[in-house]
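Structural characterization, general
Here are the chains, one letter per residue:
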Amino acid sequence: MTPRLYADKIEIIVPARELPILFETTIKIDKEEFVVLLGHNGSGKSTLVKALSGDIKLSSGNVLIDNIKTNQFSMQKKAQDIVVLAQKAEDRLFLDLTLEENIILWESRYPVKEQLQFEQVILLANMPKRFLSLKKQQMKTFSGGEKQSVLLALALAHPPKILFLDEHTASLDYKAS
């Protein structure tokens, strides 16, 4: 069976560092498999996520999703198939735009016939109904946990092939986590 994600001897080398951040790392993840990475601060977990998702350039090696090299993906395909939710929601949201505008932008990565409306995203993701009244509010007025909830809702409204969660619950209360 072809793995959903396969990383073959990937390396990340930063010129200012003596040793590579990632060295000949190989990972195979099957469809619907749930994988947890544990390690100390600075051990390369977030760098590995960025390498696997294509957010940083590899020094060597390849990452494949469904046997296709991710560097051959169009921007749209990558945006549909790979979602990264990190600790800082601000990295993925436009804070000067409203909640509705952020949802419209997120949905623009999908074909028009698959795009969801504001209310559909909120309801599909089981977000609290109070978010329906925040439609015209700028994202910069939301709390860290509310921003993270929005990102989770966006990711779950169209489940991607690969969902990377990198300390994504840091801003959420225990119940939301």
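Our subject is the structure that appears above.
Here's a quick rundown of the structure. (Residues numbered from 1 in each chain as written. Predicted model: local features only at pLDDT ≥ 70, side-chain atom pairs only at ≥ 80, totals over all residues. Heavy atoms only, no water.)

In a pair of packed helices, the angle between the axes and the distance between the axes together describe the arrangement. Closest axis-to-axis distance for the helix α3 (residues 99–107)/helix α5 (residues 144–157) pair is 11 Å, and the angle between their directions is 30°. The orientation of α3 with respect to α5, classified from their angle, is roughly parallel. The element α3 and its partner α5 pack so that their crossing is right-handed. Of the residues in α5, those touching α3 at Leu-99, Ile-103 and Trp-106 are Val-150, Leu-151, Leu-154 and Ala-155. (Axes fitted to C-alpha atoms, helices over the stretch in contact; angles between N-to-C directions. Helix = DSSP H or I, 4+ residues; strand = E, 2+ residues; numbered from the N terminus. Parallel < 35°, antiparallel > 145°, perpendicular 65-115°, else oblique. Left-handed = near helix turned anticlockwise from the far one by under 90°. Contact = heavy atoms within 4.5 Å.)

Moving on, we come to the packing of aromatic side chains. One pass over the full model with this rule turns up one aromatic pair. When the centroid spacing of 6.3 Å and the interplanar angle of 35° are considered together, the rings of Phe-131 and Phe-142 count as tilted. Taken together, the residues span a long stretch of sequence, with Phe-131 in the loop between α4 (118–124) and α5 and Phe-142 in the loop between α4 and α5 at a distance of 11 residues. In terms of burial, Phe-131 and Phe-142 fall into one category: buried. We note Lys-77 situated over the ring of Phe-73; from NZ or CZ to the ring centre the distance is 5.1 Å. (Phe/Tyr/Trp six-rings, centres within 6.5 Å; stacked < 30°, edge-to-face > 60°. Buried < 20%, exposed > 50% of the residue type's maximum accessible area, 1.4 Å probe, protein only. Lys NZ or Arg CZ within 6 Å of the ring centre and 35° of its normal.)

Interpretation note: all reported values are geometric properties and have no functional meaning in isolation.
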